[in-house]
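Structural overview
What follows is each chain in one-letter form.
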Amino acid sequence: ALTSFTGLLNFEEALYVGAILAFSSTTIVIKILSDKNATSTLNGRIMIAILLVQDFLIIIFVPLLAEIGLLADPLFIPSILGKSILLILIGIFANKIIFPRLFRVAEKESELFLLSSIATAFAFIVVSELLGIPASIGAFIGGLALSTLPYNLEIFSQIRALRDFFITIFFVSLGAELSFSFGTLPVALMVIIFAMIFLIKPFIIFMMTLVAGYGSKTGVKVGISLGQVSEFGFILAAIGSTAIGASGAAIISQDLFSFLITAIALSMIITPYLTTNSSWIAQNIY
């Protein structure tokens, strides 16, 4: 719609914006569900299932958009799919064969255990770079490979401080790049992006849940809870601000980048309040 009907964005810009807005935040939703002890409820299971599918698609979309200039090459998409599948297979192999043996030895020394956990992330980053896949995806697969180990809770507790430190650096670096100069963007574009986040995306998820047979009230709760934008939206926006498009300029301009970061952050701030009141909203709509 942004490209064909309004002309507000070209194809490359619309592809990036669409991908950024399409995915929901696994971190925020899981945190909210855990705090409410709702991960095993019907709503929780549906949301987690949708998020798992989205996380798998992110593995493909991030490297695809990172090399969008090669999209016309007929071998590009099969190559990206092949590399992504190979990285996933490496993660499965490490999870089943390497990590159980490694952490069985490493758990005897706390320092070695911590170093092994950190080294895992860097190892997958190196593998992803060798395959031509963004480092963020390699780290993500490394985390998935560790998530089902018997030591996952201990790993999480060991790296929590380090995680919080890097998250702080990440958001500070994003904030430093904001100029709040997006007033030059067309108002219609800003309205459409907000509408996609807070109205269109929740409505689409609502319809998917309704068609799947889970009822309108469940659909409203799931749609509202998954309306926010994923943390990977920040990464895609950063990639788009440095990727060179067909016009010879950055695909995502500084103004659009600033607005997208603001919209993503706002959606993350509002989501906990909407999710908390989703039952009340569903009761009053129906």
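Residues numbered from 1 in each chain as written. Predicted model: local features only at pLDDT ≥ 70, side-chain atom pairs only at ≥ 80, totals over all residues. Heavy atoms only, no water.

**Describing the overall build of the protein**
Summing up its helical and strand segments, the protein has 13 helices and zero strands in all. Ordered by position in the sequence, the α and β elements of the protein form the string α-α-α-α-α-α-α-α-α-α-α-α-α. Its C-alpha atoms give the protein a radius of gyration of 20 Å, near enough to 19 Å, the size a compact globule of 286 residues would have. Its C-alpha atoms give the protein principal-axis dimensions of roughly 60 × 50 × 35 Å. (Helix = DSSP H or I, 4+ residues; strand = E, 2+ residues; numbered from the N terminus. Rg over C-alpha atoms; globule rule 2.2 N^0.38 Å.)

**Describing the confidence of the model for the protein**
Overall, the prediction assigns the protein a mean pLDDT of 81, with 93% of residues at 70 or greater. Taking the mean pLDDT of every element in the protein, the minimum, 55, falls on helix α1 (residues 2-6) and the maximum, 88, on helix α9 (residues 187-211). (pLDDT = per-residue confidence, 0-100.)

**Observations concerning the packing of aromatic side chains**
Under the counting rule described, the total for this entry stands at seven aromatic pairs. Relative to phenylalanine 103, the ring of phenylalanine 99 has its centre 6.0 Å away and its plane inclined at 75 degrees; by these criteria the two rings are edge-to-face. In this pair, phenylalanine 99 and phenylalanine 103 are both assigned in helix α5 (residues 76-106), four residues apart and thus about one turn of the helix distant. Of the two residues, phenylalanine 99 and phenylalanine 103, both sit in the buried class. Judged by centre distance (5.4 Å) and plane angle (70 degrees), the rings of phenylalanine 103 and phenylalanine 113 are edge-to-face. Residue phenylalanine 103 is found in helix α5, and its partner phenylalanine 113 is found in helix α6 (residues 110-130); the two are separated by ten residues along the sequence. The same class applies to phenylalanine 103 as to phenylalanine 113, namely buried. Site record: aromatic cluster; members linked through ring pairs are Phe99, Phe103, Phe113 and Phe124. (Phe/Tyr/Trp six-rings, centres within 6.5 Å; stacked < 30°, edge-to-face > 60°. Buried < 20%, exposed > 50% of the residue type's maximum accessible area, 1.4 Å probe, protein only.)

**Things to note about the side chain of serine 225**
Locating serine 225 in the fold gives a position in helix α10 (residues 216-225). Among the residues examined, serine 225 registers a relative accessible area of 3% and is labelled buried. Here serine 225 is in contact with Val29, Met47, Thr271 and Thr275, once residues within four sequence places are set aside. (Contact = heavy atoms within 4.5 Å.)

**Side note on the environment of aspartate 35**
With respect to the element layout, aspartate 35 can be found in helix α3 (residues 26-35). For aspartate 35, a relative accessible area of 54% gives the class exposed. C-alpha separation for the pair aspartate 35 and alanine 121, spaced 86 residues apart in sequence, amounts to 27 Å.

**A look at the side chain of threonine 120**
Mapped onto the elements, threonine 120 comes out in helix α6. The residues contacting threonine 120, other than those within four sequence positions of it, are Phe99, Phe103, Gly142 and Leu146.

**Quick notes on the nonpolar core**
Counting 55 residues, the largest nonpolar core has Ile20, Ile137, Ile193 and Leu256 as its most contacted members. Looking at this core element by element, the count peaks at eight residues for helix α12 (residues 254-276). Excluding residues within four positions of it along the chain, isoleucine 137 makes contact with Ile58, Ile59, Val62, Pro63, Leu87 and Phe232. Grouped together as the second largest cluster of nonpolar side chains are ten residues, Val29, Ile46, Met47 and Leu51 included. (Core = buried A, V, L, I, M, F, W, Y, C linked by side-chain atoms within 4.5 Å.)

**Focus: the packing of helix α4 (residues 42-66) against α5**
Contact pair α4 / α5: the axes reach a minimum separation of 10 Å and the direction vectors enclose 130 degrees. The angle between α4 and α5 falls in the class oblique. For the pair α4 and α5, the sense of crossing is right-handed. Here Phe56, Ile59, Ile60, Pro63 and Leu64 of α4 come into contact with α5, specifically with Phe76, Ile77, Ile80, Leu81, Ser84 and Ile88. Considering only residue class, the contact of α4 with α5 consists of ten nonpolar, one polar and no charged. (Axes fitted to C-alpha atoms, helices over the stretch in contact; angles between N-to-C directions. Parallel < 35°, antiparallel > 145°, perpendicular 65-115°, else oblique. Left-handed = near helix turned anticlockwise from the far one by under 90°. Nonpolar A, V, L, I, M, F, W, Y, C, P; charged D, E, K, R; others polar.)

**Quick notes on a nonpolar patch on the surface**
A cluster of nonpolar residues, Leu199, Ile200, Phe203, Ile204, Met207, Met208, Leu210 and Val211, forms a patch on the protein surface that exposes about 780 Å² of accessible area. Mapped onto the elements of the fold, isoleucine 204 is located in helix α9. (Patch = residues over 30% accessible without salt bridge, like charges linked within 9 Å, V, L, I, M, F, W, Y side chains within 5 Å. Areas by Shrake-Rupley, 256 points an atom, 1.4 Å probe, with all protein chains shown as cover. Salt bridge = Lys/Arg side-chain N within 4 Å of Asp/Glu carboxyl O.)

**Re the environment of alanine 139**
Following the sequence through the fold, alanine 139 ends up in helix α7 (residues 135-147). Linking alanine 139 and phenylalanine 124, residues 15 residues apart in sequence, is a C-alpha distance of 5.8 Å.

**Side note on α3**
For α3, the set of buried residues is Thr26, Ile28, Val29, Ile32 and Leu33. In this structure, the buried side of α3 is in contact with α4, α10 and α12. With a side-chain oxygen lying 3.2 Å from the backbone nitrogen of isoleucine 28, the N-terminal cap of α3 falls on serine 25. (Polar contact = N/O pair within 3.5 Å; in protein donor to acceptor, adjacent residues only side chain to side chain.)

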